[in-house]
Amino acid sequence: VISGNCGSLNRPVYGSVTYNSSNLGALATFTCYTGYRLSGSATRVCQTSNIWSGTTTVCTVVGR
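Criteria and cut-off values
Residues numbered from 1 in each chain as written. Predicted model: local features only at pLDDT ≥ 70, side-chain atom pairs only at ≥ 80, totals over all residues. Heavy atoms only, no water. Disulfide = S-S within 2.5 Å. Helix = DSSP H or I, 4+ residues; strand = E, 2+ residues; numbered from the N terminus. Phe/Tyr/Trp six-rings, centres within 6.5 Å; stacked < 30°, edge-to-face > 60°. Buried < 20%, exposed > 50% of the residue type's maximum accessible area, 1.4 Å probe, protein only.

Considering all chains together, one arrives at 2 disulfides under this definition. The residue that forms a disulfide with Cys 32 is Cys 59, at a sulfur-sulfur distance of 2.0 Å. Taking the sign of the S-S torsion, -85° for the link of Cys 32 and Cys 59, the bridge is left-handed. With Cys 32 in strand β2 (residues 27-32) and Cys 59 in strand β5 (residues 58-61), this residue pair connects regions lying 27 residues apart in the sequence. If you count the bonded cysteines of the protein chain from the N-terminus, they pair up as 1-3, 2-4.

Have a look at this one:
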């Protein structure tokens, strides 16, 4: 049995993150507040290496 835990993810400033667990295969979804654009990974998955896939998500002001 493969088990893993990727730990918690930080909520981006001016945005939010939702996920049900930090166990292997868990999916995290990031969103930005109105007026902000997401840069980085919109979704990340807990991998067998106990590391979240993708890159850090940042919300930046639209138009800057």
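Don't stop here, the text continues.
Attention now moves to the packing of aromatic side chains. The way to describe two aromatic rings as a pair is by their centre distance and the angle between their planes. Using the criterion set out here, one finds 2 aromatic pairs in the structure. An angle of 10° between the planes, with centres 4.5 Å apart, marks the rings of Tyr 14 and Tyr 36 as stacked. Within this pair, whereas Tyr 14 is found in the segment before β1 (15-18), its partner Tyr 36 is found in strand β3 (residues 36-39), the two being separated by 22 residues in sequence. On the basis of relative accessibility, which here comes to 42%, the residue Tyr 14 falls in the partly exposed class. For Tyr 36, a relative accessible area of 25% puts it in the partly exposed group. Seen from their ring centres, Tyr 19 and Trp 52 are 5.6 Å apart, and the 65° between their planes marks the pair as edge-to-face. On the criterion of sequence distance, the pair formed by Tyr 19 in the loop between β1 and β2 and Trp 52 in the loop between β4 (43-45) and β5 is long-range, its members being 33 residues apart. Taking the relative accessible area as the measure of exposure, Tyr 19 reaches 27% and is therefore partly exposed.

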